[in-house]
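# Understanding the architecture of this molecule
The primary structure of each chain is shown beneath.
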Amino acid sequence: MSNAIESVLVENRVFPPPEAAVKSARISGMAAYQAMCNEAEKDFEGFWARLARDNVVWTKPFTKTLNESNAPFYKWFEDGELNASANCLDKHIGTPVENKTAIVFEADDGAVTQVTYKELLARVSQFANALKAQGIKKGDRVIVYMPMTIEGVVAMQACARIGATHSVVFGGFSAKSLQERIIDAGAVAVITANFQMRGGKELGLKSIVDEALAMGGCDTIKNVLVYMRTPTTCNMVAGRDKTFTEVLQGQSTECKPEPVNAEHPLFILYTSGSTGKPKGVQHSTGGYLLWANLTMQWTFDIKPQDVFWCTADIGWITGHTYVAYGPLAAGATEVIFEGVPTYPHAGRFWQMIEKHKVTVFYTAPTAIRSLIKAAETDEKVHPKNWNLTSLRILGTVGEPINPEAWMWYHRNVGGEKCPIVDTFWQTETGGHMITPLPGATPTVPGSCTLPLPGIMAAIVDEQGHDMPNGSGGMLVVKRPWPSMIRTIWGDPERFKKSYFPEEMGGKLYLAGDGAVRDAQRGYFRITGRIDDVLNVSGHRLGTMEIESALVSKTDLVAEAAVVGRPDDLTGEAVCAFVVLKRPRPTGDEAKKIADELRAWVGKEIGPIAKPKDIRFGDNLPKTRSGKIMRRLLRSIAKGDAITQDTSTLENPAILEQLAQKS
Ligand code: PRX
C-alpha cells in the first residue's frame, strides 16, 4: 500500500453532526439517508422521476425518465421541456421569494450592491432581449469572459433564457486559450467587460478579447458586448463591439423564456484532459438544473433565511452550479465577491462572513491553507478577530483537504459547531457526487464520506472489478445520473474513450481519480488523479497542455515533460523538465530562461499554468523505444530517491543531472 493511502486510512477522528443540524435538516439522520439510497436502488428511474417532477418546473412534463439505448450517450427526461432561467427566477415570482435579496455583490473595493429576485428577473430579461436584438438565437454558442459581477450571472442567465448555449471562459485564461475555445465552440458572440478589478488593480479583459479575435479563425463572432466595469475607456471596433448600455437601450424588461428540450445544451465548459486540447464538457438543461437545485437542498440544506456564499469564480464549474444556477433555483440569498481573499488583507473572507451574516460558506482547500498561513504569521487576520457565529455549514471543494487544514477550518472558522461538507465532484458531474450531508453524516477529516442518494459510486480495478474496502483503486460511477456530462462538444469519440473505456466494459463512468474506502464505514477518500491531469490550487491543468505550450516556443525549446509534485500550499505544483535547442544553461542564465518560459506559458495558457519549477537537462529519461519515463520524473520532482527499476532506461545518467535544481 502506498504511504498516501496508508496515512489516510488511519484517521480516526469522527465528528457526528450537531444535534441542531440533525433536527432541522431536510435529510435528517443516517436512516433517512439510507432510506433514500434504498429507494434509488429499488426503483432507479422512479426515484429520479419523482425528484425531477418535484424540483423542476416543466413547461412540458416528461414521460420518459432515462433512455439508455445509445449508452453512454444517456438521455434524461428527454421529452420534457423547460427553461433554466425560468426555473431560477420566474418560478419565484408571486411567492415570498420575489422581493427577497437574490444577490449581495461585494466589489473588490468593498462597495456592496444588492438585487432582489424581481429585479434580477428584470435585468436578465432585458439583457436577453438585447441578445435577441443582436440576432443571437436558440442553439447559438456565446462566450462569456467576465469578471465576478452580477452582470456575469445576468449574462449566463440571459443566454439560458433565450436557449443560447453559453461557454464561460475564466478571466485568468490567455488570449490564445480564449481563441481556441471560441473556435472550438463556433461561438457567435463574446460577452465581456472592459476591465476586471482584482486586488485594487484594473486588469484588461476587452484587450485580451481583441487579441484573441486578432489571432484569426474567429470569423463566427459577430458581436462583442462590453460591460463597462470601470470608467476607463477601451478599444471598441465599430460594427462589432457595443457597450451594455448601448444594447440595453430601449429593451423591455420582460422576455418570455424560451422552452427548450431537457437535453438541450445549457452550456459548454472547457476543462483539461489527458491530451493537449481542452475538452468542451457539454451539459444538459433538465438533468443539470435538477441536480443544481437538489444538491443545494441536500448538501447545503439551504433554508429561506440562509445567506449562501460560494467563493468560486463563474469561470469554473463550481461557479456555474453553486453561483449562477443552484442558489437561484433554490431561492437563496447569495453573496458574490469580485476580489481576492488577501486584499486588502488576508482576513477579507472572515470580515465578509461577519458583514453579510453568511450562514453557509463554500470554498477551496487552497484558500483555507493560504489563509491559515496568513493567520499564523499575522494575528490580525486570524478569523478569531471577526464574529463568525452566523455560520452553520462549511464546505470545501476542488481538491483533497488535508486533515490539518480540515481541523483548522472546523475550529477557527466553524467554532466546532458547523458540519464540514467535503464535496467531491467534477466539471463532468455537474454537481456534488460524494459528500457528507450536514444533518446526517458523521464526518472524518479528509474524507468526502459517502455518495449522494442515486449516485452509484464504486472503486474498481483496471478491469472494472469491485475492490474491497481498504484497497485503493479507480473511482467509477456504475449508473448514469441526470447532471452528468452528455458529450465532449464536437468529439463524441473522445467522450466515449475518456469516460467509458471499452477495457472496463464501456458502461462505467471513469472519474479519473484514485480512491479508497475505509473498512469501518465504507467512507471514500480521494487519493488524487490517476491520469495526466494536475490539480493546482483546485484548478485542473493538463500536463500535455503545458508541454505543448512549452514546445511551441520553437526558437528555444526542443523537448519538454511536465509532471506534478506535492505542494503544501497549492496541493500540487507544476514541474517542467526542459531540453533546450542550445547547451544546457546553469546559474543566472538558467534562471533567466526559466523566467522567460514561465512568462511564455502564462501567455499561451494563463498565469495559473506557469510552472513553479523548471529544470534543464541535456535529455529526458527515456526507454529504448523513446518513451519518456514520467514516473521517474515525478520522483525527481518530489525530491525522492529513485527506487524504481531503471534497467529499461536508455540514458540512466540523465537522472542525476535532472535532480540538480537550476
Ligand atoms: O481530482 C478531483 C478533484 O478535482 C477534480 C475535478 O476538477 P474540476 O473538474 O476542475 O472540478 C473541480 C470542482 C468540482 C476531481 O477529479 N476534486 C474535486 N473535489 C474534490 C477533489 N478531490 C478531493 N476531494 C474533493 N472534495
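Keep in mind the model is a prediction, meaning the values are calculated, not measured.

Quick look at the overall build of the chain now. Within the chain, the regular secondary structure consists of 20 helices and 30 strands. Relative to the globule expectation of 26 Å for 662 residues, the C-alpha radius of gyration of the chain, 24 Å, shows essentially globular dimensions. Structurally, the chain occupies a C-alpha span of about 75 × 65 × 60 Å along its principal axes. When burial is assessed residue by residue, the chain has 62% of its 662 residues classed as buried. If you sum the accessible surface of the chain, you get close to 24,900 Å²; carbon and sulfur atoms cover 52% of it. Once the 73 positive and 74 negative side-chain charges of the chain are each reduced to a mean point, those two points are 1 Å apart.

With that settled, the discussion passes to the sheet that holds strand S16 (residues 307-310). With respect to topology, seven strands assemble into an open sheet ordered S5-S4-S17-S16-S18-S19-S20, the strand pairing being mixed. The sheet terminates laterally at strand S5 (112-116) and strand S20 (420-423), the two strands that pair on one side only. Pairwise comparison of adjacent strand axes, ignoring direction, gives a mean angle of 20° for this sheet. In terms of strand pairing, S16 meets strand S18 (residues 360-363) through three bridges, oriented parallel. Across the sheet, Phe308 pairs through a bridge with Val360, a residue of S18.

Another aspect to go through is the pattern of salt bridges. Tallied over the entire structure, the rule returns 41 salt bridges. Here Lys206 ties to Asp241 by a salt bridge, and the two come within 2.7 Å at their closest N and O atoms. On the criterion of sequence distance, the pair formed by Lys206 in helix H9 (residues 206-214) and Asp241 in strand S12 (residues 241-243) is long-range, its members being 35 residues apart. Among the residues examined, Lys206 registers a relative accessible area of 0% and is labelled buried. Lys603 is the salt-bridge partner of Glu211, the closest N and O atoms lying 3.4 Å from each other. Here Lys603 lies in helix H18 (residues 587-604) and Glu211 lies in helix H9, a separation of 392 residues in the sequence. Take Lys603: its relative accessible area is 53%, and that puts it in the exposed class. Here the salt bridges do not stand alone but share partners, grouping Arg26, Asp301, Lys303, Asp306 and Arg392 into one network.

Read from one edge to the other, the open sheet built from four strands follows the order S21-S22-S24-S25, with strand pairing classed as antiparallel. One side of each edge strand has no neighbouring strand; the edge strands of this open sheet are strand S21 (457-460) and strand S25 (524-529). Along the sheet, successive strands turn relative to each other by an average axial angle of 45°, direction set aside. Pairing of strand S24 (residues 509-517) with S25, which is carried by five bridges, proceeds in the antiparallel orientation. Bridging from a neighbouring strand, Asp513 pairs with Arg529 of S25.

Turning our attention to the site of the ligand. In the vicinity of the ligand there are 17 residues, among which Asp422, Thr423, Thr427, Asp513 and Arg529 approach most closely. Take Thr423: an N or O atom from its main chain is 2.8 Å from a nitrogen atom of the ligand. A distance of 2.9 Å separates an oxygen atom of the ligand from a polar side-chain atom of Gln426. Bound to the protein, the ligand loses 96% of the 540 Å² it would expose on its own. Of all the secondary-structure elements, those providing two or more residues to the shell around the ligand are helix H12 (317-329), S20 and S25. Across the shell around the ligand, the residue classes break down as six nonpolar, six polar and five charged.

According to UniProt, the positions carrying the feature "domain: AMP-dependent synthetase/ligase" (unreviewed entry) are residues 99-481. Secondary structure content for residues 99-481 is 30% helix and 22% strand, while the C-alpha to C-alpha distance between its ends is 34 Å.

This part is about the pairing of strand S28 (residues 557-567). With eight of 11 residues buried, S28 is to be regarded as a mostly interior element. Sheet topology note: the S28/strand S29 (residues 571-580) ladder contains 10 bridges and is antiparallel. Within the sheet, the bridge partner assigned to Val557 lies in S29 and is Leu580.

How each quantity is defined
Residues numbered from 1 in each chain as written. Predicted model: local features only at pLDDT ≥ 70, side-chain atom pairs only at ≥ 80, totals over all residues. Heavy atoms only, no water. Helix = DSSP H or I, 4+ residues; strand = E, 2+ residues; numbered from the N terminus. Rg over C-alpha atoms; globule rule 2.2 N^0.38 Å. Buried < 20%, exposed > 50% of the residue type's maximum accessible area, 1.4 Å probe, protein only. Areas by Shrake-Rupley, 256 points an atom, 1.4 Å probe, with all protein chains shown as cover. Lys, Arg positive; Asp, Glu negative; His and termini not counted. Charge placed at Lys NZ, Arg CZ, Asp CG, Glu CD. Pairing = 2+ DSSP bridges. Axes fitted to C-alpha atoms, helices over the stretch in contact; angles between N-to-C directions. Salt bridge = Lys/Arg side-chain N within 4 Å of Asp/Glu carboxyl O. Near = heavy atom within 4 Å. Polar contact = N/O pair within 3.5 Å; in protein donor to acceptor, adjacent residues only side chain to side chain. Nonpolar A, V, L, I, M, F, W, Y, C, P; charged D, E, K, R; others polar. UniProt positions renumbered as here; feature names shortened; annotations may be inferred.

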